[in-house]
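In case you want the letters, here they are:
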Protein chains: 4
Amino acid sequence: TTDPVPTPSSPPPDVVRAASMELVVTDLEASRRFYVDVLDLVVTEEDEDTVYLRSLEEFIHHNLVLRRGPVAAVAAFSYRVRTPEDLDRAVAFYTELGCRVERRTDGWVKGVGDSVRVTDPLGFPYEFFHEVDHVERLAWAYDRHTPGALVRIDHFNQVTPDVPRAVAYMENLGFRVTEDIQDEAGTTYAAWMRRKPTVHDTAMTGGDGPRMHHVAFATHEKHNILAICDKLGALRMTDSIERGPGRHGVSNAFYLYLRDPDGHRVEIYTQDYWTGDPDNPVVTWDVHDNQRRDWWGNPVVPSWYTDASRVLDLDGELQPLTSRTDDSEMEVTIGADGFSYTRKGDTEHGFKLGATL
Amino acid sequence: TTDPVPTPSSPPPDVVRAASMELVVTDLEASRRFYVDVLDLVVTEEDEDTVYLRSLEEFIHHNLVLRRGPVAAVAAFSYRVRTPEDLDRAVAFYTELGCRVERRTDGWVKGVGDSVRVTDPLGFPYEFFHEVDHVERLAWAYDRHTPGALVRIDHFNQVTPDVPRAVAYMENLGFRVTEDIQDEAGTTYAAWMRRKPTVHDTAMTGGDGPRMHHVAFATHEKHNILAICDKLGALRMTDSIERGPGRHGVSNAFYLYLRDPDGHRVEIYTQDYWTGDPDNPVVTWDVHDNQRRDWWGNPVVPSWYTDASRVLDLDGELQPLTSRTDDSEMEVTIGADGFSYTRKGDTEHGFKLGATL
Amino acid sequence: TTDPVPTPSSPPPDVVRAASMELVVTDLEASRRFYVDVLDLVVTEEDEDTVYLRSLEEFIHHNLVLRRGPVAAVAAFSYRVRTPEDLDRAVAFYTELGCRVERRTDGWVKGVGDSVRVTDPLGFPYEFFHEVDHVERLAWAYDRHTPGALVRIDHFNQVTPDVPRAVAYMENLGFRVTEDIQDEAGTTYAAWMRRKPTVHDTAMTGGDGPRMHHVAFATHEKHNILAICDKLGALRMTDSIERGPGRHGVSNAFYLYLRDPDGHRVEIYTQDYWTGDPDNPVVTWDVHDNQRRDWWGNPVVPSWYTDASRVLDLDGELQPLTSRTDDSEMEVTIGADGFSYTRKGDTEHGFKLGATL
Amino acid sequence: TTDPVPTPSSPPPDVVRAASMELVVTDLEASRRFYVDVLDLVVTEEDEDTVYLRSLEEFIHHNLVLRRGPVAAVAAFSYRVRTPEDLDRAVAFYTELGCRVERRTDGWVKGVGDSVRVTDPLGFPYEFFHEVDHVERLAWAYDRHTPGALVRIDHFNQVTPDVPRAVAYMENLGFRVTEDIQDEAGTTYAAWMRRKPTVHDTAMTGGDGPRMHHVAFATHEKHNILAICDKLGALRMTDSIERGPGRHGVSNAFYLYLRDPDGHRVEIYTQDYWTGDPDNPVVTWDVHDNQRRDWWGNPVVPSWYTDASRVLDLDGELQPLTSRTDDSEMEVTIGADGFSYTRKGDTEHGFKLGATL
Ligand SMILES: [Ca+2]
Ligand SMILES: [Fe+2]
Ligand SMILES: [Fe+2]
Ligand SMILES: [Fe+2]
Ligand SMILES: [Fe+2]
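Residues numbered from 1 in each chain as written. Chains lettered and ligands numbered in written order. Predicted model: local features only at pLDDT ≥ 70, side-chain atom pairs only at ≥ 80, totals over all residues. Heavy atoms only, no water.

Student: How do you make sense of the coordination of the iron ion (ligand 3) when you look at a structure like this?
Tutor: Where a metal carries four tetrahedral donors, each ideal angle is 109.5 degrees; where it carries six octahedral donors, the ideal angles are 90 or 180 degrees. Residues and elements named next belong to chain B. Within the protein, the atoms that donate to the iron ion (ligand 3) are His155 (NE2), His214 (NE2) and Glu267 (OE), at distances of 2.0 to 2.2 Å. Sequence spacing among the residues donating to the iron ion (ligand 3) works out to H-x58-H-x52-E. Highlighted residues: histidine 155 in strand β9 (residues 152-160) and histidine 214 in strand β13 (residues 211-218), separated in sequence by 59 residues. Each member of the pair, histidine 155 as well as histidine 214, is classed as buried. (Donors = N, O, S within 2.8 Å, 3.2 Å for Na, K, Ca; no water. Helix = DSSP H or I, 4+ residues; strand = E, 2+ residues; numbered from the N terminus. Buried < 20%, exposed > 50% of the residue type's maximum accessible area, 1.4 Å probe, protein only.)

Here you go:
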């Protein structure tokens with residue numbers, strides 16, 4: 001990292017969790033069908049240009065905002081903070097970093113009060129809020145649960161050229177790394193970072209950025225994820241299935257990647273592990289371990305590496321992209337003969353997973 | 001058995017499977033809500049007084065007929081036979097037994113053609129049919145599957161005073177015993193009998209009869225059965241849950257017993273085993289083995305032993321009851337201190353389950 | 001509460017999570033068979049008088065210590081704290097409360113370093129530790145997972161006479177209530193409290209105390225819990241099954257209660273919900289809502305209300321019991337005719353679960 | 001079909017089900033590890049050169065025989081017949097077809113009595129037996145079940161050049177088609193045929209033959225199949241995973257394909273549907289429907305099309321191969337741009353799945 005993000009002297013806001021994403025979609029009706037009729041997210045509220053959606057165990061107003069717009073993009077990665085005062089901290093933290101910061105006491109979207117949006121040092125539109133309307137937590141409303149019930153928002157995944165630079169900035173924001181992918185030369189291809197005690201609230205994936213790789217929702221069990229695939233088959237919508245279902249190596253979770261009508265990627269995810277201890281062991285995976293991204297060794301489809309959604313600045317304009325200059329994970333893991341790996345020569349490293357680099 | 005049912009010289013019809021039950025219900029709207037809105041059976045057809053329902057993997061017109069009537073009862077236990085000629089065999093078989101037999105070439109209910117109904121030697125209204133309308137098999141229609149999806153009708157369960165007498169008659173009808181419950185004195189408390197190669201198409205349970213103990217529908221997996229309980233909880237309808245969920249000893253299946261608005265008992269059932277080999281081993285359980293009815297040793301609620309639905313004759317009148325004179329399973333298994341059993345003193349009998357009597 | 005626990009001026013230790021329980025067992029070999037051969041917990045280390053066990057996703061030395069002793073009891077409810085300095089806070093906090101406090105820099109058990117044990121104001125032996133040996137996290141070691149795999153310790157449950165008094169003390173210790181059971185007169189029958197963002201790290205159940213009601217381990221999915229029941233059936237150990245499996249109303253989790261060879265109660269638990277937001281809504285259940293303890297309305301066996309394990313003081317002597325003087329949940333919920341409830345007359349209260357008292 | 005297999009005047013044996021396969025393996029120790037230590041099949045009996053394995057719900061001696069030999073191949077596809085006299089029928093049926101027929105009253109393998117082996121008109125080594133040793137049915141032995149428990153053998157799959165010719169012969173043997181894959185020109189690419197009332201006891205897949213495509217074992221639930229993948233990941237044996245897991249279009253079952261140490265293909269399979277009615281609707285899939293082989297539209301790996309095991313004649317010599325001259329499914333479904341399909345232009349055909357050709 002030649003151009004590190006400075007460490008502010010201001011303390012960061014106390015982020016509770018990844019809470020919501022605002023997506024700009026080009027065909028609101030098509031997107032509504034995908035998220036409501038197919039994925040069965042719950043509509044909290046909607047108007048002509050916006051649909052506010054939540055998962056079944058959520059008690060805040062929304063986890064996903066679909067907003068009609070001319071170009072598919074991400075308008076906000078939104079984090080809940082612990083107290084109203086954490087918004088002051090967010091303002092100070094990002095102001096000190098020289099970022100554009102805008103605070104709206106009535107919120108940027110319905111259901112949310114006083115909020116701060118920034119264009120962060122990596123170019124992402126980050127939002128912080130505390131005040132939010134409470135709505136019915138449908139955890140016990142099993143008459144409304146469907147076979148593929150989405151019960152929580154789990155995490156974001158962001159594409160950025162320089163992963164170590166991004167990690168250092170996120171650590172200043174109070175995030176902690178739980179897993180990453182590296183190679184023997186020390187290149188970091190991706191890193192997972194958490195505030196809540198799961199594997200992550202967001203991950204940084206190496207690539208041209210800033211872009212949004214995916215937003216993830218959780219189910220209770222693995223069969224719920226399989227049921228989503230079965231339903232997409234019945235609806236003759238299997239083009240929406242990009243990758244999976246499968247078991248991740250990183251995170252140990254069961255996963256499925258879908259693409260919405262605009263190509264925004266949505267992950268369905270279940271059953272990672274507790275990471276809340278202060279000395280939670282970081283798991284580093286060798287980029288050449290072909291079980292790192294699929295524990296069963298199934299190949300990663302190239303689009304999963306190459307495609308991602310553009311993000312907006314606070315004026316709603318597309319953020320420019322910066323190219324990754326480090327090695328690309330796709331290039332170093334796909335040989336002339338398809339997906340290659342170095343697993344066969346791996347030696348055991350005690351009880352550590354992945355390779356100890 | 002002092003009064004055995006004679007063995008006809010006529011060959012029996014070739015029964016394929018338990019296919020449908022006709023239930024008389026006193027509040028058709030309430031019953032429709034239970035079977036359609038709660039249990040998510042599929043309506044094939046309906047009119048003012050009748051609802052025809054099927055399970056999701058069924059391709060014949062119906063597995064359950066709800067018919068409005070003044071007294072809750074069972075109008076028919078309906079079996080599909082292999083060929084049209086098997087109806088002639090059914091007529092000859094039951095005529096030789098001196099039973100009332102009535103054949104209707106247009107069927108007794110919609111969707112079914114030429115059919116024979118009899119009042120059988122045990123007093124039950126049995127129906128046999130071959131001709132039937134084909135409808136869409138919704139196996140692949142996962143957009144219509146719900147968390148508690150019922151995919152097949154599995155079996156009936158009948159209450160009759162003299163189980164060995166009933167078994168001998170059913171063996172003449174071509175059924176084969178797969179499991180039973182006995183005691184050391186040779187009393188038989190219940191027997192499971194099959195045509196299709198699962199544990200049963202019907203079972204005979206000792207008690208005052210003829211009565212219908214339950215009709216059973218199958219799910220794919222155990223979590224589907226749990227989902228039905230969760231939904232009943234959400235609807236504040238838990239009074240419908242009579243017993244379970246649990247694992248049966250007999251049949252090894254996972255089960256749940258519900259009571260419909262008229263008190264008709266419905267079992268939800270999944271994962272018994274293949275019994276189609278000609279020498280399939282019969283499993284005899286000791287009535288004092290408290291894992292015979294619940295493999296986890298959970299007690300059986302008394303209503304499960306005492307309650308059952310009345311059945312109708314071919315004129316729609318209630319069949320009179322005959323009392324059981326053999327020992328009652330409930331009485332021999334519930335001591336002064338609640339549910340007792342002799343398991344603790346059981347000795348192992350090689351690889352045979354239950355006690356070898 | 002006539003005799004409130006004072007609020008110390010010292011700040012409490014920062015508790016990360018319920019991490020381990022030390023159980024005194026009278027037949028170590030029998031207990032080892034139960035926890036290792038039946039429940040498949042992993043042995044980290046053992047000697048002649050002690051077995052150290054952990055769950056499959058754990059990376060600290062143990063979640064359960066079995067120690068041979070003359071009387072079955074609980075020697076410690078052990079919490080992990082965030083920093084070494086939190087032990088100083090624990091000493092100051094409990095010293096100010098007038099409790100007996102003992103610190104051992106080498107720990108009270110193997111695998112753990114500097115630790116503080118106290119007899120807390122409610123009479124419970126609480127332990128706090130930070131230093132602990134790391135061991136292999138077997139999350140990915142699926143070749144060692146069994147059908148009933150226990151992946152995490154989830155929570156404790158304590159019996160104490162005066163629940164509001166206990167809750168006030170625990171709130172001073174930094175815990176937060178997520179759910180409780182009350183009646184219209186304001187009596188509190190039980191309360192669930194958390195540090196980690198799940199429904200609880202411990203619960204306070206009204207009754208003669210101090211006693212330990214249960215310790216709970218988590219599985220990934222519901223079928224894992226059913227598999228434990230199936231295995232107990234195969235081993236003819238169904239007397240170990242005390243209650244369940246079922247769905248809780250409180251916590252919305254799927255559960256099973258077992259009794260170990262000494263009668264210590266172990267819960268198997270899966271799938272409660274996120275509670276980590278600062279304004280997480282507290283769910284108050286009416287004691288007369290018969291879905292509060294089993295969402296399916298299945299009855300609670302009386303032993304579950306009456307039985308619990310004694311706890312030890314720091315010298316290893318049994319703590320004396322104090323009787324509950326408030327109403328007993330068992331008595332107010334079981335009528336002459338068995339389990340009664342007022343659900344039928346319940347009116348809806350908007351989107352709040354349970355009754356709003 | 002220019003060279004049809006004649007229709008014998010002799011009635012065929014009454015086949016109950018696909019019961020066992022005899023595999024020749026080149027490294028018996030490696031194969032035993034795969035089937036016993038990884039897949040957890042039960043060893044009924046073994047000697048220096050042979051291992052007899054069964055699934056957990058089986059009561060006959062074996063479902064799989066591993067026999068040490070110089071070249072990996074299939075020595076027998078073994079079917080159970082209903083009566084001892086069916087062996088006479090098998091002899092007459094195949095003698096009339098001009099096939100080599102050999103009967104051994106003591107059986108060809110341990111545990112099985114009087115048996116007939118033939119080289120059938122398609123070149124496959126078919127075995128028929130009735131007499132067989134009974135062994136413990138481990139259905140209730142849940143202490144021996146593992147997360148990926150295989151409970152039944154389900155079916156075979158055979159590669160043969162001329163599918164309609166093979167189907168006509170199998171129909172003479174008493175099998176019935178349940179599903180097939182065709183194109184608009186009338187080419188048949190594969191057909192599924194059953195004796196037991198599931199989708200199949202064997203399938204005929206178009207290709208150079210005779211070869212064995214796979215043998216399939218059933219689990220109870222889908223998570224059992226995922227657990228096998230997870231375990232293979234933990235054992236760093238993911239090269240054994242060839243295709244899947246996924247949902248089949250044909251059969252509607254959930255599947256996984258593995259390759260054993262010799263490359264013999266094993267399918268793990270669960271939850272197809274009842275086909276036992278005499279008028280069970282045949283489902284014909286269009287070869288250009290890319291959901292026919294994977295309901296989720298995931299691509300089929302080329303090796304799954306090209307690789308298969310050689311089969312032996314009754315002297316243990318490799319049977320020569322005949323090339324398929326009809327179109328190849330792989331070639332017509334993989335375009336220059338990878339896996340292509342005509343789904344997008346599909347029109348709905350009422351309630352029929354696949355295309356009505
Ligand atoms: Ca019990
Ligand atoms: Fe993700
Ligand atoms: Fe039943
Ligand atoms: Fe608990
Ligand atoms: Fe297959």
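Student: Help me understand the relation of the copies chain C and chain D in this model?
Tutor: Note that the two copies of the chain are related through a rotation about an axis and a translation along the same axis. Overlaying chain C with chain D gives an RMSD of 0.0 Å, the required rotation being 180 degrees about an axis along which the chain moves by 0.0 Å. Between the two chains, the operation in question is that of a two-fold axis. Considering only C-alpha atoms, the part of chain C nearest the rotation axis is C:Pro147, at 2.3 Å. Residue by residue, 100% of the interface of chain C is reproduced at the interface of chain D, so both copies engage with the same surface. (Least-squares fit on C-alpha atoms with pLDDT ≥ 70 in both. Contact = heavy atoms within 4.5 Å.)

Student: Where do I start with the relation of the copies chain B and chain D in this structure?
Tutor: Here chain B sits on chain D after a turn of 180 degrees about the axis and a move of 0.0 Å along it, with an RMSD of 0.0 Å. When the interface residues of chain B are mapped onto chain D, 100% of them again lie at the interface, so the same face is used by both copies.

Student: Is there a simple way to explain the pairing of strand β15 (residues 254-259) of chain C in this structure?
Tutor: Taken residue by residue, a regular strand's side chains alternate between the two faces of the sheet. All names here are of chain C. Extensive coverage of β15 is indicated by the burial of six of its six residues. When strand β14 (residues 241-247) meets β15, the two strands line up antiparallel, connected through four bridges. Paired with glycine 246 across the bridge in β15 is tyrosine 255. Between the end of β14 and the start of β15, which pair antiparallel, lie six residues, with serine 251 showing a positive phi angle near 85 degrees. (Pairing = 2+ DSSP bridges.)

Student: Help me out: how do you make sense of the interface of chain C and chain D in this one?
Tutor: Tallying the contact residues gives 13 residues for chain C and 13 residues for chain D. With both chains or domains summed, chain C and chain D bury close to 920 Å², and 73% of this area falls on carbon and sulfur atoms. Looking at the side of chain C facing chain D, the largest losses of area belong to C:Tyr142, C:Asp143 and C:Pro147, adding up to 43% of the total buried there. At the junction of chain C and chain D, the tally comes to zero salt bridges. Taken together, the connections running from chain C to chain D amount to zero residue pairs in polar contact (both at pLDDT 80 or more). Taken together, the residues that form the side of chain C that touches chain D break down as six nonpolar, three polar and four charged. (Buried area = accessible area lost by both parts, 1.4 Å probe. Salt bridge = Lys/Arg side-chain N within 4 Å of Asp/Glu carboxyl O. Polar contact = N/O pair within 3.5 Å; in protein donor to acceptor, adjacent residues only side chain to side chain. Nonpolar A, V, L, I, M, F, W, Y, C, P; charged D, E, K, R; others polar.)

Student: What should I look at first to understand the interface of chain B and chain D in this one?
Tutor: Reports often express the size of an interface as the amount of accessible area lost when the parts come together. Listed per partner, the contact involves 42 residues of chain B and 42 residues of chain D. Summed over both sides, the interface of chain B with chain D buries roughly 3800 Å², with 57% coming from carbon and sulfur. In this assembly, chain B and chain D are joined by eight salt bridges. Taken together, chain B and chain D are joined by 24 residue pairs in polar contact (both at pLDDT 80 or more). Looking at the side of chain B that touches chain D, the elements that each hand over two or more residues are β1 (15-25) and β17 (283-286) of chain B. Class assignment of the residues belonging to the side of chain B that touches chain D gives a composition of 17 nonpolar, ten polar and 15 charged.

Student: Help me understand the side chain of A:Ser240 in this model?
Tutor: Among the secondary structure elements, A:Ser240 is positioned in the loop between α4 (222-234) and β14 (241-247). Here A:Ser240 falls in the buried class, since its relative accessible area comes to 10%.

Student: Looking at this structure, how should I read the sheet that holds β1(B)?
Tutor: In any sheet, the strands associate via hydrogen bonds between backbone groups, in a parallel or an antiparallel arrangement. Residue and element names in this part refer to chain B. Across the sheet, which stays open at both edges, the eight strands sit in the order β2-β3-β4-β1-β5-β8-β7-β6 with mixed pairing between neighbours. For this open sheet the edge positions go to β2 (42-47) and β6 (100-104), each flanked by a neighbour on one side alone. Each strand of the sheet is rotated relative to its neighbour by a mean of 20 degrees, with strand direction disregarded. Strand direction decides the pairing type here: β6 and strand β7 (residues 115-119), joined by five bridges, are antiparallel. Note that in β7 the partner of valine 101 across the bridge is valine 118. Where helix α1 (residues 28-38) meets the sheet, its contacts fall on β1, β2, β3 (50-54) and β4 (64-68), and the angle it forms with β4 comes to roughly 160 degrees. (Axes fitted to C-alpha atoms, helices over the stretch in contact; angles between N-to-C directions.)

Student: Looking at this structure, I do not really get the coordination of the iron ion (ligand 5). What am I missing?
Tutor: Residues and elements named next belong to chain D. Coordination sphere of the iron ion (ligand 5), protein contribution only: His155 (NE2), His214 (NE2) and Glu267 (OE), at 2.0 to 2.2 Å. Mapped onto the sequence, the donors of the iron ion (ligand 5) take the spacing H-x58-H-x52-E. Taken together, the positions of histidine 155 in strand β9 (residues 152-160) and glutamate 267 in strand β16 (residues 265-270) put the pair 112 residues apart, joining distant regions of the chain. On the basis of relative accessibility, which here comes to 1%, the residue histidine 155 falls in the buried class.

Student: So what exactly am I meant to see when it comes to the packing of aromatic side chains here?
Tutor: Given two aromatic rings, their pairing is described by the distance between the two centres and the angle made by the two planes. For the structure on display, the rule yields 76 aromatic pairs over all chains. Centre to centre, the rings of C:Phe77 and C:Phe156 are 5.4 Å apart; their planes meet at 85 degrees, and the pair counts as edge-to-face. Within this pair, whereas C:Phe77 is found in strand β5 (residues 73-81), its partner C:Phe156 is found in strand β9 (residues 152-160), the two being separated by 79 residues in sequence. The residues C:Phe77 and C:Phe156 share a single accessibility class, namely buried. A cation over an aromatic ring shows up here: A:Arg104 above the ring of A:Trp108, its NZ or CZ 3.5 Å from the ring centre. (Phe/Tyr/Trp six-rings, centres within 6.5 Å; stacked < 30°, edge-to-face > 60°. Lys NZ or Arg CZ within 6 Å of the ring centre and 35° of its normal.)

Student: Would you mind going over the pattern of salt bridges with me for this structure?
Tutor: Charged atoms that come close allow side chains of opposite charge to pair. The full count for this structure, using the stated rule, is 132 salt bridges over all chains. Of the charged contacts in the structure, one is a salt bridge between A:Arg259 and A:Asp307, with a shortest N-O distance of 3.3 Å. Of this pair, A:Arg259 sits in strand β15 (residues 254-259) while A:Asp307 is found in the loop between α5 (302-306) and β18 (309-310), placing the two residues 48 residues apart along the sequence. Given a relative accessible area of 18%, A:Arg259 falls into the buried group. We classify A:Asp307 as partly exposed; its relative accessible area is 28%. Within the structure, one salt-bridge network assembled from shared partners comprises A:Arg17, A:Glu58, A:Arg80, C:Asp277 and C:Asp279.

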